[in-house]
Amino acid sequence: MKNSFDPNLPIYLQVMDEIKKDVFTHHYLPGHKIASVRELALQYSVNPNTIQKALSELERVGLLHSERTVGRFVTEDLELIDRLRFEISHEKVHTFVSEMNGLGYDRQGIIDAVNEEIEAQ
């Protein structure tokens, strides 16, 4: 997704989502130091203030923590990481099911569509 942001959503939220994915997929391991604000701003081609806001929010939820003069690090709280991943996955499933219901799919139709997609991959 890097550099292809949805114009309907705030960029800092999309950056947050990308960093969360990097944590959930073990690109950033627990305790791992993440790139600096400047490096992330270049990577995502966005203003450093946008990155700062995203990182501050990730600190607020506990996914990251700062060590003064050293940088930001991924939490080592594996339960928190698992809980956040679980919450995000359920939000996505809820959205998907709601959209499929809006298209007229019933439970079995949704299951069939998901199974077809899994088989295609």
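Here the structure is a predicted model, which is why all the values come from computation and not from measurement.

Here is what the cut-offs are and how they apply
Residues numbered from 1 in each chain as written. Predicted model: local features only at pLDDT ≥ 70, side-chain atom pairs only at ≥ 80, totals over all residues. Heavy atoms only, no water. Core = buried A, V, L, I, M, F, W, Y, C linked by side-chain atoms within 4.5 Å. Buried < 20%, exposed > 50% of the residue type's maximum accessible area, 1.4 Å probe, protein only. Helix = DSSP H or I, 4+ residues; strand = E, 2+ residues; numbered from the N terminus. Arc of directions from axis to C-beta. Contact = heavy atoms within 4.5 Å. Phe/Tyr/Trp six-rings, centres within 6.5 Å; stacked < 30°, edge-to-face > 60°. Lys NZ or Arg CZ within 6 Å of the ring centre and 35° of its normal. Axes fitted to C-alpha atoms, helices over the stretch in contact; angles between N-to-C directions. Parallel < 35°, antiparallel > 145°, perpendicular 65-115°, else oblique. Left-handed = near helix turned anticlockwise from the far one by under 90°. Nonpolar A, V, L, I, M, F, W, Y, C, P; charged D, E, K, R; others polar.

1. Points about the nonpolar core
Generally speaking, a soluble globular protein has its nonpolar side chains buried in company with each other.
Item 1. Formed by 23 residues in total, the largest nonpolar core has its most connected members in Leu40, Tyr44, Ile51 and Leu55.
Item 2. Those elements that place two or more of their residues in this core are α1 (11-24), α2 (37-44), α3 (48-60) and α4 (78-102).

2. Focus: α2
Item 1. Turning to α2, its buried residues are Val37, Leu40, Ala41 and Tyr44. Along the axis of α2, the buried positions cluster into a sector of 105 degrees, meaning they face one direction only. Residues Arg38 and Leu42 are exposed on α2 and point more than 90 degrees away from its buried face.
Item 2. Elements in contact with the buried residues of α2: α1, α3 and β2 (71-74).
Item 3. Two residues or fewer past α2, serine 45 is found with a positive phi of approximately 55 degrees.

3. Section: the packing of aromatic side chains
Item 1. By the definition in use, this model includes one aromatic pair.
Item 2. Relative to tyrosine 44, the ring of phenylalanine 5 lies with its centre 6.5 Å away and its plane at 40 degrees, an arrangement referred to as tilted. Taken as a pair, phenylalanine 5 in the segment before α1 and tyrosine 44 in helix α2 lie far apart in primary sequence, 39 residues in all.
Item 3. Across from the ring centre of tyrosine 12, 4.3 Å away, lies the NZ or CZ of lysine 53, which sits over that ring.

4. Brief notes about the packing of α2 against α3
Item 1. Their axes nearest at 8 Å, the elements α2 and α3 cross at an angle of 115 degrees. By the angle class used here, α2 and α3 are roughly perpendicular. Of the two elements, α2 crosses α3, and the hand of that crossing is right-handed. Residue-level contacts link Val37, Leu40, Ala41 and Tyr44 of α2 to Pro48, Ile51, Gln52 and Leu55 of α3.
Item 2. Residue composition of the contact of α2 with α3, grouped by class: seven nonpolar, one polar and no charged.

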